[in-house]
Amino acid sequence: MTRPAARGGSRASADRLARLLNLVPYLLARPGIEIAEAAGDLGVTERQLREDLELLWVCGLPGYGPGDLIDMAFDGDRVTITYDAGIDRPLRLTPDEALALVVALRMLAETPGVANREAVERALAKIEDAAGDLVGAPVAVRLPGDTRRVEALRAAVEGGRALRITYYTAARDETTDRVIDPLRMLMVGGRAYVEAWCRRAEAVRLFRADRIDAITELDEPAVVPPQAVPHDLTEGVFRPSPDLPLITLRIARSERWITEYYPCERVEAGDGDQWLVSLRVTDLGWARRFVLGLGPDVTVVAPVELAEQVRATAAAALDAYAVPAPTAAPRRPGADAVTPESVTPGASGGSVAASGDPAVAGRTQ
């Protein structure tokens, strides 16, 4: 089994949904239109339009029986909508739909990097005014994480100010001080980022807001050099490239989530329910910590260097938990023997020396 990483599936689904929503009103206004002409107007192939029409057969109102689903009549290469399932009527929101829309817009308004927050706020105000009775009490939405830190970063971006930050880099497991010139705020995968020109690296870098330990706004404007180009994040923050290290892991069923969470170059079926997974990583130091955190259900297949690093780190951790060998208590003058008079019962049923020395001099069963 070889499975390339899926990309662009959600975008294609969204495009098709928008096309289907426009298709029924379009066909209602043009009964008996030729499929070739409709495909040309809609900017799709005839094959794609026929697939969309086949999908419309199973779309409609709850109940999904005769009289509930969209219906069409075909006459050769011509198509006519005979039942539209109410899709031509103005949309009337239910209370749950109105609340979901308000929450989504409020979340969008709070998202860093939104280009035109004023437009979002205006649309939100109109919807809340029109659906006030449906929504009920005002809705407050806050993004997860340190809101004050995100607001400080957003203010710096909007004000065009340089920042001094203390940043934790997970890939190298180190904390550094940097001066950055912010470009924009972003929300990717539910996390807030500031994209900036890093004067230390002399390049554009992405900094996760929750990994910034300290922020100081400098009394100087942000100066972004001409060569600073924002990253293309349409496919996520991490973009694997052939120059990055490639690792191969043998994973059990319980760790198959890795193939959904990380972009994998290759996934193959192994022995039993095990899979062989190959993926690119930023460096082997990050990969070592990643594998150690996964536990015994993951084995490093390649490279050998990574396997040796994991083995050495695990052995060092086990050595730290090793129980030291017992040592004899120092012998004091006049204490060469333990007499019955110097022994008192121990808490565990044995006996310990009671000569006043806190060290245990002997134990009997």
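Residues numbered from 1 in each chain as written. Predicted model: local features only at pLDDT ≥ 70, side-chain atom pairs only at ≥ 80, totals over all residues. Heavy atoms only, no water.

Asker: What is the right way to look at the overall build of the chain in this model?
Answerer: The number of helices and strands found in the chain is 10 helices and 14 strands. In the chain, which comprises 365 residues, the proportion classed as buried is 30%. The contacts in the chain between residues at least 6 apart in sequence include a share of 55% that link residues at least 24 apart. Here the chain displays about 22,800 Å² of accessible surface, and carbon together with sulfur accounts for 54% of that area. (Helix = DSSP H or I, 4+ residues; strand = E, 2+ residues; numbered from the N terminus. Buried < 20%, exposed > 50% of the residue type's maximum accessible area, 1.4 Å probe, protein only. Contact = heavy atoms within 4.5 Å. Areas by Shrake-Rupley, 256 points an atom, 1.4 Å probe, with all protein chains shown as cover.)

Asker: Where do I start with the packing of aromatic side chains in this structure?
Answerer: Pairs of aromatic rings are described using the distance from one ring centre to the other and the angle between the two planes. For the structure on display, the rule yields 8 aromatic pairs. Between Tyr167 and Phe207, the aromatic rings sit 5.0 Å apart at their centres with planes inclined by 85°, giving edge-to-face as the arrangement. Of this pair, Tyr167 sits in strand β4 (residues 161–169) while Phe207 sits in strand β7 (residues 203–208), placing them 40 residues apart in sequence. Exposure class is identical for Tyr167 and Phe207. Each is buried. The interplanar angle of 70° and the centroid separation of 6.2 Å between the aromatic rings of Trp257 and Tyr261 together place this pair among those described as edge-to-face. Taking relative accessible area as the criterion, Tyr261 reaches 51% and is therefore assigned exposed. One aromatic cluster in this structure is built from Trp257, Tyr261, Tyr262, Trp286 and Phe290. (Phe/Tyr/Trp six-rings, centres within 6.5 Å; stacked < 30°, edge-to-face > 60°.)

Asker: I tried to follow the sheet that holds strand β10 (residues 264–269) on my own but got confused; where do I start?
Answerer: Within a beta sheet, neighbouring strands are joined by backbone hydrogen bonds and run either parallel or antiparallel to one another. Pairing within the open sheet is antiparallel, and its 4 strands lie in the order β10-β11-β9-β12. Two strands bound the open sheet, and with one partner strand each, they are β10 and β12 (298–302). The mean angle between the axes of side-by-side strands here comes to 25°, regardless of whether they run parallel or antiparallel. Relative to strand β11 (residues 275–280), β10 runs antiparallel, the two sharing 5 bridges. Across the sheet, the residue bridging to Ala269 is Trp275, located in β11. Packed onto the sheet, helix α9 (residues 284–294) meets β9 (246–251) and β12 and runs at close to 5° relative to β9. (Pairing = 2+ DSSP bridges. Axes fitted to C-alpha atoms, helices over the stretch in contact; angles between N-to-C directions.)

Asker: Can you walk me through the sheet that holds strand β1 (residues 33–34) in this structure?
Answerer: Strand order in the open sheet made by the 3 strands is β1-β3-β2, with antiparallel pairing throughout. Single-partner strands in this sheet number two, and they are β1 and β2 (71–75).

Asker: Mind showing me how you'd approach helix α2 (residues 35–42) here?
Answerer: If you check which residues of α2 are buried, you get Ile35, Ala38 and Ala39. Buried residues of α2 fall within an arc of 100° about the axis and therefore sit on the same side. (Arc of directions from axis to C-beta.)

Asker: When you look at the pattern of salt bridges in this model, what are you seeing that I'm missing?
Answerer: When their charged atoms lie close together, side chains carrying opposite charge are able to pair. Enumeration according to the criterion identifies 12 salt bridges in this entry. Put simply, Arg199 and Asp181 hold a salt bridge, and the shortest N to O gap is 2.8 Å. Pair noted here: Arg199 is in the loop between β6 (191–198) and β7 and Asp181 is in strand β5 (residues 174–188), with a separation of 18 residues, a long-range link. Classification of Arg199 by relative accessible area gives partly exposed; the value is 32%. Overall, Asp181 belongs to the buried group, its relative accessible area being 1%. The shortest N-O distance in the salt bridge between Glu268 and Arg266 comes to 2.2 Å. Counted as one network, the salt bridges with shared partners bring together Asp181, Arg199 and Glu220. (Salt bridge = Lys/Arg side-chain N within 4 Å of Asp/Glu carboxyl O.)

Asker: Can you walk me through the packing of α2 against helix α3 (residues 46–56) in this structure?
Answerer: Relative orientation and spacing of two packed helices are given, respectively, by the angle between their axes and the distance between those axes. For the pair α2 and α3, the least separation of the axes is 9 Å and the interaxial angle reads 100°. On the basis of their axis angle, the class for α2 and α3 is roughly perpendicular. Residue-level inspection shows Ile35, Ala36, Ala38, Ala39 and Leu42 of α2 in contact with α3, the latter providing Glu46, Leu49, Arg50 and Leu53. Here the contact of α2 with α3 is built from residues that sort into 7 nonpolar, no polar and 2 charged. (Parallel < 35°, antiparallel > 145°, perpendicular 65-115°, else oblique. Nonpolar A, V, L, I, M, F, W, Y, C, P; charged D, E, K, R; others polar.)

Asker: Just to check I follow, could you spell out unusual backbone geometry for this structure?
Answerer: Keep in mind that most residues, glycine aside, have a negative phi and that most peptide bonds are trans. Of note, the amide linkage connecting Ala302 to Pro303 takes the cis form, showing an omega dihedral of 0°. Mapped onto the elements, Pro303 comes out in the loop between β12 and α10 (304–320). Positive phi is not limited to glycine here, since Glu202 has a value of about 55°. Note on placement: Glu202 falls in the loop between β6 and β7.

Asker: In this structure, what is going on with the pairing of β9? I would like to understand it.
Answerer: Each regular strand carries side chains that alternate between the two faces of the sheet. Judged from the 6 bridges that link them, β9 and β11 form a sheet pairing that is antiparallel. Looking at the pairing, Ile251 lines up with Trp275 of β11. Pairing geometry for β9 and β12, over 4 bridges, is antiparallel. The residue bridging Ile251 from the neighbouring strand is Val298, located in β12.

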